[in-house]
Amino acid sequence: MKTYRSLIIDDEMLARSVIRTFLQADPSVTVLGEAGNGTEAVIKILQHRPDLIFLDIQMPELDGFEVLKEIWPHHQPFVVFTTAYDQYALRAFEVNAIDYLLKPFNEVRFHQALGRVQERISQQTQPRIEALVSQLMSEQAAQPSGAYLRRILVKETGRMYLVKADDISYLDADGNYITLHTAQERHTIYDSLTSLETRLDPTDFVRINRSYIVNLNYIAEVETYFNGEYIVKLKTGQQLKWTRNYRDNLKAFYSKSA
């Protein structure tokens, strides 16, 4: 018998318990774990890469649709939405989501949904979810501010983190390795600083030299230096050099300070 690996994602402990109990009647599904909010969901999905997720739509930090937008470029599980709100379920159907369970649901309804999604898994066809994510991405692209990163995924020593962009005071690059500096800690990712720069909100993040991008919200002071360069003093105590090749980016700082 083929078995499917699943995650249960819901901010209500009782709802997670109900799903886990119903799944005990189906030996073909193995539960890898649970998540109680959107951020935890993203991390666990990317860690475990399940075949199937039971995904609550309204959750703290990230809702179910935002979870899909975060994970879809990296992993594409099959999805059964769970929700207590008709309007969310209706939206899911309008963009052809696979299936949904309207809370409170009974065991018969649950296994109907599970049977449908298992059939799709066996056929490896899920155009409906792809249509959903495509719709969500289009909506995001239509809103310029929504196109920028709000969180950055970090993989370190076998673990994963989501670091909020707002918490990053500055970024420094060494080749294709970038260190994200927050007030309390540092995280390293593998990326190009030039590529990452295009995905950060330019009203908050500016390039000040070849190796540094700074969060304008953390600048305490900018002092003139030699040869058209500046010293940037951050509220977190660090001092960075703003080189003359990036002097035009000072406009963003002055606009922010006005």
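Our subject in this report is the structure included herewith. Here the structure is a predicted model, which means the values were calculated and not measured.

Right, let's talk about the nonpolar core for a bit. The biggest cluster of nonpolar side chains holds 22 residues, and the ones touching the most others in it are Ile-9, Leu-55, Val-67 and Phe-81. Counting only elements with at least two residues in this core, the list comes to β1 (4–9), α2 (38–48), β3 (52–56), α3 (64–71) and β4 (78–83). Sort the elements by how many residues they give to this core and α2 lands first, with 5 residues. In this structure, Leu-55 is in contact with Ile-9, Gly-64, Val-67, Leu-68, Val-79, Val-80, Phe-81 and Thr-82, ignoring residues within four places of it in sequence. Counting 17 residues, the second-largest nonpolar core is a separate cluster that includes Tyr-4, Leu-114, Val-117 and Ile-121.

It is worth spelling out the packing of aromatic side chains at this point. In the structure shown here, the tally under the stated rule is 9 aromatic pairs. Here Phe-54 and Phe-110 contribute two aromatic rings whose centre-to-centre distance is 5.4 Å and whose plane-to-plane angle is 25 degrees, an arrangement assigned as stacked. With Phe-54 in strand β3 and Phe-110 in helix α5 (residues 107–123), the pair connects residues that are 56 residues apart, well separated along the chain. Three or more aromatic residues link up through ring pairs in this structure, and these residues are Phe-22, Phe-54, Phe-105 and Phe-110.

This part covers the environment of Glu-66. Residue position: Glu-66 is located in helix α3. Separated by 24 residues in sequence, Glu-66 and Val-42 place their C-alpha atoms 9.4 Å apart. Contacts of Glu-66, omitting those with residues within four sequence positions, involve Glu-61 and Arg-150.

So, about the sheet that holds β1. The strand order across the open sheet built from 5 strands is β2-β1-β3-β4-β5, with neighbouring strands paired in parallel fashion. Two strands in the sheet have a free side with no partner beyond their single neighbour: β2 (29–35) and β5 (100–102). With direction set aside, neighbouring strand axes in the sheet form an average angle of 20 degrees. Two elements, β4 and β5, share 3 bridges in a ladder whose sense is parallel. In the strand pairing of β5, Thr-83 is matched with Leu-102. Together, β1, β2, β3, β4 and β5 form the strand contacts of α5, whose direction differs from that of β4 by roughly 160 degrees.

A separate point is α3. For α3, the buried fraction is high: 6 of the 8 residues fall into the buried class. When α3 is considered as a whole, its buried residues turn out to be Gly-64, Phe-65, Glu-66, Val-67, Leu-68 and Ile-71. Between the side-chain oxygen of the N-cap and the backbone nitrogen of Phe-65 there are 3.0 Å, and the N-cap of α3 in question is Asp-63.

Our focus in this paragraph is the pattern of salt bridges. Counted according to the given criterion, the structure contains 13 salt bridges. A salt bridge links Glu-40 to Lys-44; the shortest N-O distance between them is 3.3 Å. Residue Glu-40 and its partner Lys-44 are located together in helix α2, separated by 4 residues, close to a single helical turn. Residue class for Glu-40 comes out partly exposed when judged on its relative accessible area of 29%. Residues Glu-223 and Lys-233 are paired through a salt bridge, measuring 2.9 Å at the closest nitrogen-oxygen approach. Taken together, the positions of Glu-223 in strand β13 (residues 219–224) and Lys-233 in strand β14 (residues 230–234) put the pair 10 residues apart, joining distant regions of the chain. Look at the salt bridges and you will find they share partners, linking Asp-10, Glu-12, Asp-56 and Lys-103 into a network.

Basis of the calculations
Residues numbered from 1 in each chain as written. Predicted model: local features only at pLDDT ≥ 70, side-chain atom pairs only at ≥ 80, totals over all residues. Heavy atoms only, no water. Core = buried A, V, L, I, M, F, W, Y, C linked by side-chain atoms within 4.5 Å. Buried < 20%, exposed > 50% of the residue type's maximum accessible area, 1.4 Å probe, protein only. Helix = DSSP H or I, 4+ residues; strand = E, 2+ residues; numbered from the N terminus. Contact = heavy atoms within 4.5 Å. Phe/Tyr/Trp six-rings, centres within 6.5 Å; stacked < 30°, edge-to-face > 60°. Pairing = 2+ DSSP bridges. Axes fitted to C-alpha atoms, helices over the stretch in contact; angles between N-to-C directions. Polar contact = N/O pair within 3.5 Å; in protein donor to acceptor, adjacent residues only side chain to side chain. Salt bridge = Lys/Arg side-chain N within 4 Å of Asp/Glu carboxyl O.

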